[in-house]
Amino acid sequence: MGGEVRNDATIMAALGRQMTRAVQRQAVAAGNLANVDTPGYRTKEIQFADALDQELGTSAPAATNSRHFGAGAILAERPDPTDAKGLATRRDGNNVQMDRELLALNRAAADFSAAETVLAAKFRLVRYAINEGR
Amino acid sequence: MSTLFSAIDASASALDVQRARMEVAVSNLANAESTRGADGQPYRRREVVLESVPFDQQIGAAPTATGVKVAAVVEDQAAFRRRYEPSHPDADAEGYVAVPNVDVPEEMVDMLGAARAYQANLMAIGLIRDTIQRALELAK
């Protein structure tokens, strides 16, 4: 029983991090989009591994010790945006692609939305348990 | 949450900038034939210079969005076009009139670019607003 509760907490923390990351991606994409016509501006991006997959896919459900959770999934809380590579640069030194940034915004919004839906369901379950099923 | 608000600020700054670009393009178009300005010279084509502005770098717990601002509005120093029109009051001794260095198709293209960028940033604000709304739904 205790193990399941801890498992829940891990999943909820992971979902929270997914939402934080989606927000950061959205902020970076919005900044890129705002500078679509700024000469010399370079597209910024934040590199994230598929952290939720890593956290949930391998260790979490079958772990026998709480310290197994999150091993290798500790991510920088303050990732710095770096310049994106492999984008065509225009003559004014700017390499922002509007469609790429709009796609990133949409994708981040969808990720956030998905995590929020699951998190809300988790909260409902917890509330259900607290209220003893009433 | 502050990250989201900084993202909205960045998009809003871009809306401002694109509107300024549009205004400059419109004034260039309106004055494409103005052979007399305040200084007695023909109108010179104007151009906005954009500059990016990082928001809250010292406070930022998370990366915040980069905004944009109009650094300057500069006059295009390209030579005026000359048109043969001896009956024009501003014609010189040889009958040529100096007309503004405005290229109408170029201004139209610039306006289209500004309109597209404005739309894209407006869409970004909508998406960020949706995200904030979703975040608030957790409290229900």
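The coordinates are above.
Our subject in this report is the structure included herewith. Not measured: the values here are computed from a predicted model.

1. Let's talk about the interface of chain B and chain A
Thinking step 1. Counting from both sides, the interface comprises 32 residues of chain B and, opposite them, 34 residues of chain A.
Thinking step 2. Both faces combined, the contact of chain B with chain A buries some 2,500 Å², and carbon together with sulfur accounts for 66% of it.
Thinking step 3. Of the charged contacts, one joins R134 of chain B and E116 of chain A as a salt bridge, the two residues approaching to 2.7 Å between their closest N and O atoms.
Thinking step 4. Our count for the contact surface shared by chain B and chain A stands at eight residue pairs in polar contact (both at pLDDT 80 or more).
Thinking step 5. Elements with a minimum of two residues in the side of chain B that touches chain A: helix 1 (2–30), strand 1 (46–54), strand 2 (66–75) and helix 2 (104–137) of chain B.
Thinking step 6. Class assignment for the residues of the side of chain B that touches chain A results in 18 nonpolar, eight polar and six charged.

2. Observations regarding the packing of helix 1 of chain B against helix 2 of chain B
Residues and elements named next belong to chain B.
Thinking step 1. Here helix 1 crosses helix 2 at 160°, and the two axes come no closer than 9 Å. By the angle class used here, helix 1 and helix 2 are roughly antiparallel. In terms of crossing hand, the pair formed by helix 1 and helix 2 is left-handed.
Thinking step 2. Looking at the contact of helix 1 with helix 2 residue by residue, the classes come out as 23 nonpolar, six polar and four charged.

3. What about the pattern of salt bridges?
Thinking step 1. Applying the stated rule across the entire model yields 21 salt bridges over all chains.
Thinking step 2. The closest approach of N and O atoms between D8 of chain A and K122 of chain A, which form a salt bridge, is 2.8 Å. Residue D8 of chain A is located in helix 1 (residues 2–34), and its partner K122 of chain A is located in helix 3 (residues 98–130); the two are separated by 114 residues in the primary sequence.
Thinking step 3. Classification of D8 of chain A as partly exposed rests on a relative accessible area of 24%.
Thinking step 4. Taking relative accessible area as the criterion, K122 of chain A reaches 16% and is therefore assigned buried.
Thinking step 5. The closest approach of N and O atoms between R129 of chain B and D130 of chain B, which form a salt bridge, is 3.9 Å.
Thinking step 6. Via salt bridges that share partners, R45, E47, D76, E106 and E107 of chain B belong to a single interconnected network.

4. Points about the pairing of strand 4 (residues 96–99) of chain B
Residues and elements named next belong to chain B.
Thinking step 1. Side-chain alternation along strand 4 places V97 and V99 on a buried face and Y96 and A98 on a face that remains uncovered.
Thinking step 2. Inspection of the sheet shows strand 3 (residues 81–84) paired to strand 4 by four bridges, in the antiparallel sense. The partner of R82 across the bridge, within strand 4, is A98.

5. Details of unusual backbone geometry
Thinking step 1. Backbone geometry places E132 of chain A, a non-glycine residue, at a positive phi of 55°.
Thinking step 2. Take E132 of chain A: it is sitting in the segment after helix 3.

Conventions we followed
Residues numbered from 1 in each chain as written. Chains lettered and ligands numbered in written order. Predicted model: local features only at pLDDT ≥ 70, side-chain atom pairs only at ≥ 80, totals over all residues. Heavy atoms only, no water. Contact = heavy atoms within 4.5 Å. Buried area = accessible area lost by both parts, 1.4 Å probe. Salt bridge = Lys/Arg side-chain N within 4 Å of Asp/Glu carboxyl O. Polar contact = N/O pair within 3.5 Å; in protein donor to acceptor, adjacent residues only side chain to side chain. Helix = DSSP H or I, 4+ residues; strand = E, 2+ residues; numbered from the N terminus. Nonpolar A, V, L, I, M, F, W, Y, C, P; charged D, E, K, R; others polar. Axes fitted to C-alpha atoms, helices over the stretch in contact; angles between N-to-C directions. Parallel < 35°, antiparallel > 145°, perpendicular 65-115°, else oblique. Left-handed = near helix turned anticlockwise from the far one by under 90°. Buried < 20%, exposed > 50% of the residue type's maximum accessible area, 1.4 Å probe, protein only. Pairing = 2+ DSSP bridges.

In short, the description is geometric, and any link to function would need to be established separately.
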